[in-house]
Amino acid sequence: MIFDSDTILRMKRIPKSMAVLGGGVIGVEYASIFAALGVKVTLIEAHARILQFADSEIIDRLINRLEAIGLKLILNDHMLTIDVEDEHVNLTLQNGGRLKFDSALIAAGRQSNVQDLGLEGVGVKLGER
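Presented here is a report on the structure given in the accompanying data block. Everything numeric here is computed off the predicted structure, so don't read it as measured data. (Residues numbered from 1 in each chain as written. Predicted model: local features only at pLDDT ≥ 70, side-chain atom pairs only at ≥ 80, totals over all residues. Heavy atoms only, no water.)

Before going further, it helps to spend a moment on unusual backbone geometry. Residues apart from glycine generally show negative phi values, whereas peptide bonds are mostly found in trans. Phi at asparagine 76 is positive, roughly 55 degrees, even though this residue is not glycine. With respect to the helices and strands, the residue asparagine 76 is situated in the loop between β4 (72-75) and β5 (79-85). On the accessibility criterion, asparagine 76 (43% relative accessible area) is partly exposed. A positive phi angle is found at aspartate 86, which is not glycine, with a value near 50 degrees. Structurally, aspartate 86 can be placed in the loop between β5 and β6 (88-93). (Helix = DSSP H or I, 4+ residues; strand = E, 2+ residues; numbered from the N terminus. Buried < 20%, exposed > 50% of the residue type's maximum accessible area, 1.4 Å probe, protein only.)

Quick look at the nonpolar core now. Among the nonpolar cores identified, the biggest contains 22 residues, and Ile8, Phe34, Val41, Leu43, Ile50 and Leu71 are the most heavily contacted of them. Breaking this core down by element, the ones donating at least two residues are β2 (17-21), α1 (25-36), β3 (40-45) and α2 (56-68). For this core, the element with the highest residue contribution is α1, accounting for 5 residues. Setting aside residues no more than four positions away along its own chain, phenylalanine 34 makes contact with Ile8, Met11, Ile14, Pro15, Met18, Val39 and Val41. Ala19, Ile74, Leu91 and Ala104 belong to the second largest nonpolar core, which has 9 residues in total. (Core = buried A, V, L, I, M, F, W, Y, C linked by side-chain atoms within 4.5 Å. Contact = heavy atoms within 4.5 Å.)

With that settled, the discussion passes to the pattern of salt bridges. Enumeration over the complete set of coordinates arrives at 1 salt bridge. Across the pair arginine 98 and aspartate 83 runs a salt bridge, and its minimum N-O distance is 3.3 Å. A residue pair is termed long-range when its members are at least 10 positions apart, and arginine 98 in strand β7 (residues 97-101) and aspartate 83 in strand β5 qualify at 15 residues. Looking at aspartate 83, the relative accessible area reads 24%, which means it is partly exposed. (Salt bridge = Lys/Arg side-chain N within 4 Å of Asp/Glu carboxyl O.)

Moving on to α1. With 12 residues, α1 should reach 16 Å at 1.5 Å per residue; the first-to-last C-alpha distance of 16 Å fits that figure. The complete set of buried residues in α1 reads Gly27, Val28, Tyr30, Ala31, Phe34 and Ala35. Packing partners of the buried residues in α1 comprise β2, β3, α2 and β8 (103-106). Just beyond α1, the residue with positive phi is glycine 38, at close to 95 degrees. (Expected span 1.5 Å × (residues − 1).)

Sheet strands line up and pair through hydrogen bonds in the backbone, either parallel or antiparallel. Spatial strand order, β5-β6-β7: 3 strands in an open sheet with antiparallel pairing. Strands at the two margins of the open sheet, each flanked by one partner only, are β5 and β7. Pairwise comparison of adjacent strand axes, ignoring direction, gives a mean angle of 20 degrees for this sheet. Strand direction decides the pairing type here: β5 and β6, joined by 6 bridges, are antiparallel. Paired with methionine 79 across the strands is leucine 93, a residue of β6. (Pairing = 2+ DSSP bridges. Axes fitted to C-alpha atoms, helices over the stretch in contact; angles between N-to-C directions.)

So, on to the sheet that holds β2. Sheet architecture is open: 5 strands sit in the order β1-β8-β2-β3-β4, paired in parallel fashion. Unpaired on one side and paired on the other, β1 (2-3) and β4 mark the two borders of the sheet. Judged from the 5 bridges that link them, β2 and β3 form a sheet pairing that is parallel. Of the residues in β3, the one forming a bridge with methionine 18 is valine 41. The strands that α1 touches are β2, β3 and β8; relative to β3, the one it contacts most, it runs at about 165 degrees.

Written out as structure tokens, the structure reads:
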């Protein structure tokens, strides 16, 4: 019921509704796929826009197309809690209250776990992520 970008590939059935948390490349990609399949998708992004690295005119056109296939966007909101109850996923958002979905995809980004490997000592320059 609650998936990440790996476990979503083992999904047993197409849900009727889905929350996608994260408006980066992975979140937008999966949200658009499931919306195109007829799933009622709500994409929740903590920032003011999705795909922050991309040109704003392109993103505006993308948003228009996503909304045309039924995708709902919630921007500038954070998930506070998530729980599974009676085969549904309940999300509590900071600004948007409590929402109920058949499934949820957590696609808010990943961070590497390399800080203690001593990579700097062999010349590997680490970035923020």
